[in-house]
Amino acid sequence: MAHPVIWPRNNYFYPIGNNSPVCLTRHLAPEENADLLLLGCGDPRSILNTIHTDLGSGDRKLDFTCCDAEPAIIGTFFSSP
């Protein structure tokens, strides 16, 4: 399968992030399910913040799809203890 070549001009690698996390479901009603596509997601802080914020909001189902041009970023999601 052919993949496009991504040639970054500047190498910005922030495995622990460079901004504060946000709740990704803050504009949704509590009873609405959330299917989220995160492009260039960087690190899992916003995902973890959203899960933590939505713990007490009932039966909302969360579905996260994460994409990033740097495979090492997605790898840090799963290698964290």
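**Q** Kindly report on the overall build of the protein, identifying the contributing residues and their values.
**A** When you go through the protein residue by residue, the secondary structure sums to 2 helices and 2 strands. Ordered by position from the N terminus, the helices and strands of the protein form the series β-α-β-α. When each of the 81 residues of the protein is scored for burial, the buried share is 20%. The contacts in the protein between residues at least 6 apart in sequence include a share of 78% that link residues at least 24 apart. Carbon and sulfur atoms make up 58% of the accessible area of the protein, which totals about 6500 Å².

**Q** Provide a residue-level description of the side chain of Asp54, including the pertinent values.
**A** Within the secondary structure layout, Asp54 lies in the loop between helix H1 (45-53) and strand S2 (62-67). Those residues in contact with Asp54 that sit more than four places away from it in its chain are Thr25, Arg60 and Leu62.

**Q** I'd like to hear about H1, residue by residue, with values.
**A** Of the positions making up H1, those classed as buried are Ser46, Ile47 and Thr50. Each buried residue of H1 lies within a common arc of 105° when the element is viewed along its axis, so the set occupies one face. Exposed side of H1, more than 90 degrees from the buried face: Leu48 and His52 are the residues found there.

Basis of the calculations
- Every residue gets a number counted from 1 within its own chain, in the order that chain's sequence is written.
- Only residues with pLDDT of 70 or above have their local features reported here, since the model is predicted, and side-chain atom pairs are shown and tallied only from 80 upward, although totals for entire chains, interfaces and linings are computed over all residues.
- Only heavy atoms go into the side-chain values, all of them from the structure, while hydrogens and water stay out.
- A helix here means a DSSP run of H or I that spans at least four residues, while a strand means a run of E at least two residues long, and both kinds are numbered starting from the N terminus.
- For every residue, the accessible area obtained with a 1.4 Å probe (protein chains only) is divided by the maximum for its type, and the residue is called buried under 20%, exposed over 50%, and partly exposed between those limits.
- Whether two residues are in contact is decided by their heavy atoms, any of which lying within 4.5 Å being enough.
- The Shrake-Rupley method, run with a 1.4 Å probe sphere, supplies the accessible areas, and residue values consider only the shown protein chains as cover.
- Working definition: the arc comes from the directions between the helix axis and the C-beta atoms, pointing outward to the latter.

Coordinates in, geometry out; function isn't part of it.
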